[in-house]
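An overview of the molecular structure
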Amino acid sequence: MDIATQLKQITSELPIGTRLVAISKTKTPDQIMEAYRAGQRVFGENKVQELVPKYEQLPKDIEWHLVGHLQTNKVKYISNFIRLIHSVDSLSLLIEINKQGRKLNRTINCLLQVYIAEEETKFGLNEQELLDLLTSPSFKNAEHIKILGLMGMASFTDDTNQVQQEFRHLYAIFKNLKSTVFKDDNDFKELSMGMSSDYKIAIEEGSTMVRVGSNIFGERNYNQP
Ligand SMILES: *Cc1c(COP(=O)(O)O)cnc(C)c1O
């Protein structure tokens, strides 16, 4: 099936209030333009060095999101155009994002990535680290960042029950923060969870942003530039 058909199919499955971030990593500008012409405007990449040339080359009404691990020394390359960073996983990264935002007099939208999977390899904050970050004075003084919500990745497994439990856990953390730390903050409302293999489960568990790549563009070819 072609990109436009896939997009239409996935979009039709989303409840009101849930947005699709089309993950275009390893895909060419031509493939991204195919999705763009079908109406998609929100795209996500996981590497800064891939995102920047695509941003420069492609239409400026695209809303670019970063979903992959971000190194502190690379924040400056995306800080002028990035619309949402899904993958903030440390206070030092947050402080650097704030610093770059201040230079540009711009507020940079962020999600805090929470570690919910069983696997050891995934990035993210555990619950204690999340609380430590949210209560630290440097977080409170970071006026050029805006925390819009949380992001998480479930374990890579066929066990749908486990995936569901992990998403449910993230939703509980989200709800808890919403009624405590972010009680008076209406901007704290996004929960980024769900990829090609598990976005349907994520929607049922309260996702507001699904990050879907291969279901739109086909399997990734890592040999592509
Ligand atoms: C690649 C990627 C996705 C999309 O994965 P698919 O399985 O292709 O849908 C979502 N989130 C992150 C963080 C990714 O790196």
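Placed above this text is the structure.
Residues numbered from 1 in each chain as written. Predicted model: local features only at pLDDT ≥ 70, side-chain atom pairs only at ≥ 80, totals over all residues. Heavy atoms only, no water.

**What to know about the pairing of strand β6 (residues 145-153)**
Of all the 9 residues making up β6, 7 are buried; the element is thus mostly covered by neighbouring parts of the structure. As paired strands, strand β5 (residues 108-115) and β6 are joined by 8 bridges and run parallel to one another. The partner of Ile108 across the bridge, within β6, is Ile145. Bridge count for β6 against strand β7 (residues 190-192) is 3 bridges, and the pairing is parallel. Residue pairing across strands places Met151 opposite Ser192, the latter belonging to β7. Read from β6 through helix α8 (residues 160-179) to β7, the crossover connection turns out right-handed. (Buried < 20%, exposed > 50% of the residue type's maximum accessible area, 1.4 Å probe, protein only. Helix = DSSP H or I, 4+ residues; strand = E, 2+ residues; numbered from the N terminus. Pairing = 2+ DSSP bridges. Right-handed = clockwise from strand over helix to strand, strands pointing away.)

**Thoughts on the site of the ligand**
Neighbouring residues of the ligand: Ile23, Lys25, Val67, Met153, Met195, Ser196, Arg211, Val212, Gly213, Ser214 and Arg220. Residue Lys25 places a side-chain N or O atom 2.7 Å away from an oxygen atom belonging to the ligand. At 2.7 Å, a side-chain N or O of Ser214 approaches an oxygen atom of the ligand. About the coverage of the ligand: the protein hides 91% of its 390 Å² of free accessible area. Classifying every residue of the shell around the ligand gives 5 nonpolar, 3 polar and 3 charged. (Near = heavy atom within 4 Å. Polar contact = N/O pair within 3.5 Å; in protein donor to acceptor, adjacent residues only side chain to side chain. Areas by Shrake-Rupley, 256 points an atom, 1.4 Å probe, with all protein chains shown as cover. Nonpolar A, V, L, I, M, F, W, Y, C, P; charged D, E, K, R; others polar.)

**Focus: the packing of helix α6 (residues 127-135) against α8**
Interaxial distance between α6 and α8 falls to 13 Å at its minimum, and their mutual angle equals 20°. The orientation of α6 with respect to α8, classified from their angle, is roughly parallel. The two elements α6 and α8 cross, and the hand of that crossing is right-handed. Residue-level contacts link Glu127, Leu130, Leu131 and Leu134 of α6 to His169, Ile173 and Leu177 of α8. (Axes fitted to C-alpha atoms, helices over the stretch in contact; angles between N-to-C directions. Parallel < 35°, antiparallel > 145°, perpendicular 65-115°, else oblique. Left-handed = near helix turned anticlockwise from the far one by under 90°. Contact = heavy atoms within 4.5 Å.)

**A few points about the nonpolar core**
Counting residues in each nonpolar core, the largest one holds 61 residues, and the members touching the most others are Ile78, Ile97 and Leu150. The leading source of residues in this core is α8, at 6 residues. When neighbours within four sequence positions are excluded, Ile97 is seen to be in contact with Leu70, Val75, Ile85, Val88, Ile108, Cys110 and Ile145. Formed by 9 residues, the second largest nonpolar core is a distinct cluster that contains Val21, Ile23, Val67 and Leu111. (Core = buried A, V, L, I, M, F, W, Y, C linked by side-chain atoms within 4.5 Å.)

**Digging into the side chain of Asp89**
In this fold, Asp89 is placed in the loop between β4 (84-88) and α5 (91-104). Put simply, Asp89 is tucked away with no salt bridge, and the nearest opposite charge, on Arg211, sits 13 Å away. A distance of 3.1 Å separates the side chain of Asp89 from the side chain of His69, its partner in a polar contact. Those residues in contact with Asp89 that sit more than four places away from it in its chain are His69, Phe123, Gly124 and Leu125. (Lys, Arg positive; Asp, Glu negative; His and termini not counted. Salt bridge = Lys/Arg side-chain N within 4 Å of Asp/Glu carboxyl O.)

**A closer look at the pairing of strand β2 (residues 42-45)**
Side chains Val42 and Gly44 of β2 all project onto a buried face; the interleaved residues Phe43 and Glu45 project onto the opposite face, where all are buried too. Sheet analysis places strand β1 (residues 19-23) next to β2, joined by 2 bridges and oriented parallel. Residue pairing in the sheet places Ala22 in a bridge with Phe43 of β2. The pairing of β2 with strand β3 (residues 63-66) spans 4 bridges and is parallel. Of the residues in β3, the one forming a bridge with Phe43 is Trp64. Taken together, β2, helix α3 (residues 48-57) and β3 form a β-α-β motif whose crossover is right-handed.

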